[in-house]
Amino acid sequence: MSGPTTPAPDGAPSGAGSGPAAGAGPEAVPGAGTGGRTGADVLPGAVGAAPRAAGAWGAGPVAAAAYGPYPAPGVPVPQPFQWLRLSDPERKSPATGRALLAALLTGLLASWSLIDGLGVNLLLCAALATAGAGLAAREAGRRVRGWTVLWSALAVALLAVPALYEAGWPVLLSTVWALGLASLALHGGRRWAGVLLALPGVLWNLVPGLRWARSGLRGGRVPGRSRVVPVVKGVLAAAVLLAVFGALFAGADAAMADMFESLTPSVDLGELPVRFVLFTIGLVTALGFAHIAAGPRRWDRTPVPPGRARGRLEWALPLGALNLMFGAFAVVQAVVVLGGRDSIMENTGMSRSEYARQGFWQLLVVTVLTLVVVALAKRWAPRGTEADRRLARLLLGTLCLLTLTVVASALGRMWFYVDASGLTALRLWVLVVEVWLGVVFLLLIAAGLTRSTAWLPRAAVLSAATAAALYGLMGPDAVVAEQNVARFERTGQIDLRNVRSLSLDAVPALDRLPGDHRTCALDVLAAGLADDTPWYATSLAESRARRILAARPPVERSAEDDGACARLGLYGGDYRGER
């Protein structure tokens, strides 16, 4: 006779006689008799079988019915994104009214000013967003540290680029880097995971920032909320009613339509969707930064398991072979390049321009791939003994030293290429990237010579941010134009197709060209210069170009004239950029 039953936590009965599986005889539980296994082996504890036992003895349906969707006792429940919980902030200060007001003003300023272009307005929006983040950080009791000041100063320098220059790619690069550095300044971080996850950290905080703001509004953190919210609701309702009935009255009576037109400010309805998008971007971005400041994730606590150490022979053999190949390349470069122009012609049968164009891009790829190889080799390096660690430092240090010869060779080839064909915006950009890669390898060599490498992650990010800031602040298009004009004054050759594609940053240098060359180089820029750009969306380069072109406008083409570019043969198939 079955005994009393006790309800299990999930509602399934347990104990003796709770079902067929709980019977006392061997027929109730397979293997419970002379087979040496008891019902407890299949049904551990007081309730049904664990998944492993059920699968082994065919009691799967019974065990599943005993637990349903719940795990067996003692089995850990896997949590999604468990690794992310380790970086949770210790505390998160609630949203305050002042921080939310700063975010709202940032959105309004973005919708009003950014639609006309980028200039000082980007700095103004950043100042408002910084004020909101500062208020949130003050509420959280956070302190300013040295690295925070450094990252913030670099971000401000990068945001100055749109106020100074017009070239699209440097402006975009500077803006993205400024956002990343602002996020890093608020997060902090020392390890690789800390700095690399903090740079795009504002993206992970856009949606949480909205939830944080909503919780602050619901929590009554806004001073005078009971008085402000009804007024805002009333104003919105009045605006809707006036808009609807005003449109109907205006359509019914011409006099009313004239009166409404004189009273209503001029608004381009076609711009409203764009302004709404800009408002949303400004508001959400400002809230994201304020949310970080209120309590950032500590990405440094993100677990990064070390790579499995390889055997000494397995690891050192491919790396040693790669070092030998790099050494052979260094010797060949010393023989070919150091011999000068005649040596290049004699050993390769190519001109300097052809020699440079043939190899620069391959060497750039080699440099990037070597950086990947060094990172992976460091992760899998043998480290069981002091001799293993010494071997790793020796082989990796040698590879980094030899890679510097690849960097030098790539820079030398590009120098030959620029001297023969002129500088372009793309060539200047890859030159900057190649120089930065050389700096990274120098940092890796220095890290191999020091006992601690804790400084390396922040130093690498600092070098990249500094390179981006210097690239933007030098005015790349102005540098390209200056080099091409100087080359024209020296050799009489200029690639007009190249200089005509530059931005307004190039106008001061191109203004020195004579006659048709100047007209051909500047006519596209003069035609595209807007007359009604407001001051906050006008860069310093645009103001300078406007003054130059107003004082000396390009000569207009007459009806019977094909134009300056046509006279120079620009549209012909045999154009070579000669005087």
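Our structure is the block above this text.
Reference entry: report on the structure contained in this document.

Conventions used here
All residue numbers refer to position in the chain's written sequence, counted from 1. Predicted model: local features are reported for residues with pLDDT of at least 70 only, side-chain atom pairs are reported and counted for 80 or more only, and whole-chain, interface and lining totals are derived from all residues. The basis for the side-chain values is all heavy atoms of the structure; hydrogens and waters are excluded. The helix and strand labels rest on DSSP assignments: H or I over at least four residues marks a helix, E over at least two residues marks a strand, and numbering proceeds from the N terminus. Note on exposure labels: buried denotes an accessible area under 20% of the residue type's maximum, exposed denotes more than 50%, and partly exposed covers the range between, all computed with a 1.4 Å probe on protein chains only. Contacts are assigned to residue pairs with any non-hydrogen atoms lying within 4.5 Å of each other. Throughout, the Shrake-Rupley method with a 1.4 Å probe supplies accessible areas, and for residues the shown protein chains are the sole cover considered. Residue types Ala, Val, Leu, Ile, Met, Phe, Trp, Tyr and Cys, when buried and joined through side-chain atoms within 4.5 Å, form a set referred to as a nonpolar core. By salt bridge we mean one thing: a side-chain nitrogen of Lys or Arg within 4 Å of a carboxyl oxygen of Asp or Glu. Disulfides are defined in this document as cysteine sulfur pairs within 2.5 Å. Aromatic rings from Phe, Tyr and Trp, with only the six-membered ring used for Trp, were paired whenever their centres fell within 6.5 Å, and each pair was classed as stacked if the ring planes differed by under 30 degrees, edge-to-face if by over 60, and tilted otherwise. Whether a charge lies above a ring is judged from NZ of Lys or CZ of Arg, which has to be within 6 Å of the ring centre and within 35 degrees of the ring normal. Each patch is built from salt-bridge-free residues with over 30% relative accessible area, joining like charges within 9 Å and nonpolar side chains (Val, Leu, Ile, Met, Phe, Trp, Tyr) within 5 Å. Here a helix's expected span is defined as the number of its residues, less one, multiplied by 1.5 Å. In this description, the arc belongs to the directions extending from the helix axis to the C-beta atoms.

## Points about the overall build of the chain
Counting secondary structure elements, the chain contains 27 helices and two strands. Of all 579 residues assigned to the chain, the portion counted as buried reaches 39%. Partitioning the intrachain contacts of the chain with sequence separation of at least 6 by distance along the chain shows that 72% fall at a separation of at least 24. Roughly 31,900 Å² of accessible area belongs to the chain as shown, and the carbon and sulfur atoms make up 66% of that amount.

## What about the environment of Gly216?
Tracing the backbone shows Gly216 in helix 12 (residues 206-218). Residue classification places Gly216 among the buried residues on the basis of a relative accessible area of 2%. Taking the C-alpha atoms as reference points, Gly216 and Pro94, separated by 122 residues in sequence, lie 5.9 Å from one another.

## Here's the deal with the nonpolar core
The biggest cluster of nonpolar side chains holds 78 residues, and the ones touching the most others in it are Leu181, Trp315, Val507 and Leu510. The element that contributes the greatest number of residues to this core is helix 19 (residues 386-421), accounting for 11 residues. Formed by 20 residues, the second largest nonpolar core is a distinct cluster that contains Ala103, Ala133, Phe279 and Leu283.

## Structural notes on the pattern of salt bridges
Side-chain pairs of opposite charge can arise whenever the charged atoms involved come near each other. Per the stated rule, a full pass over the model turns up 14 salt bridges. Salt-bridge contacts for Glu482 lead to Arg512; the nearest nitrogen and oxygen are separated by 3.1 Å. Of this pair, Glu482 sits in helix 22 (residues 476-491) while Arg512 is found in the loop between helix 24 (507-510) and helix 25 (515-527), placing the two residues 30 residues apart along the sequence. The exposure class assigned to Glu482 is partly exposed, which follows from its relative accessible area of 36%. Among the residues examined, Arg512 registers a relative accessible area of 38% and is labelled partly exposed.

## What about the state of the cysteines?
Defined simply, a disulfide is a covalent bond joining two cysteines at their sulfur atoms. Taken as a whole and judged by the stated rule, the model has one disulfide. At a sulfur-sulfur separation of 2.0 Å, the disulfide partner of Cys520 is Cys565. Classification of the bridge connecting Cys520 and Cys565 rests on its S-S torsion, roughly 110 degrees, and on that basis the disulfide is right-handed. Separated by 45 residues along the polypeptide, Cys520 in helix 25 and Cys565 in helix 27 (residues 564-567) bring together distant segments of the chain. Classification of Cys565 as buried rests on a relative accessible area of 1%.

## So, the packing of aromatic side chains
A complete count under the given rule lists five aromatic pairs for this structure. Residues Trp112 and Tyr536 carry aromatic rings whose centres are separated by 4.8 Å and whose planes lie at 40 degrees to one another, so their mutual orientation is tilted. Of this pair, Trp112 sits in helix 5 (residues 97-113) while Tyr536 sits in the loop between helix 25 and helix 26 (540-551); the two residues are 424 residues apart in sequence, bridging distant segments of the chain. Relative to Tyr536, the ring of Trp535 lies with its centre 5.6 Å away and its plane at 80 degrees, an arrangement referred to as edge-to-face. When its relative accessible area of 61% is taken as the criterion, Trp535 is described as exposed. An aromatic cluster of three or more residues is present, and its members are Trp112, Trp535 and Tyr536. A cation sits over an aromatic face here: Arg297 above Trp299, 6.0 Å from the ring centre. Directly above the aromatic system of Tyr417 lies the positively charged group of Arg427, at a separation of 4.3 Å from the ring centroid.

## Points about the environment of Ala460
Locating Ala460 in the fold gives a position in helix 21 (residues 456-473). With 23 residues separating them along the chain, Ala460 and Leu437 place their C-alpha atoms 10.0 Å apart. The contact partners of Ala460, leaving out residues within four places of it in the chain, are Trp192, Trp436 and Leu443.

## Points about a nonpolar patch on the surface
Among the surface-exposed residues, Val240, Leu241, Val244, Phe245, Leu248 and Phe249 lie close enough to one another that they form a single nonpolar patch of about 610 Å² accessible area. With respect to the helices and strands, the residue Val240 is situated in helix 13 (residues 225-252).

## Here we look at helix 12
Between its terminal C-alpha atoms helix 12 stretches 19 Å, which fits the 18 Å expected from 13 residues at 1.5 Å a residue. For helix 12, the set of buried residues is Pro208, Gly209, Trp212, Ala213 and Gly216. An end-on view of helix 12 places all buried positions within 140 degrees of arc, on one side of the element. Exposed residues on helix 12 whose side chains face more than 90 degrees from its buried face are Val207 and Arg218. Packing partners of the buried residues in helix 12 comprise helix 5, helix 6 (120-140), helix 11 (201-204) and helix 15 (272-294).

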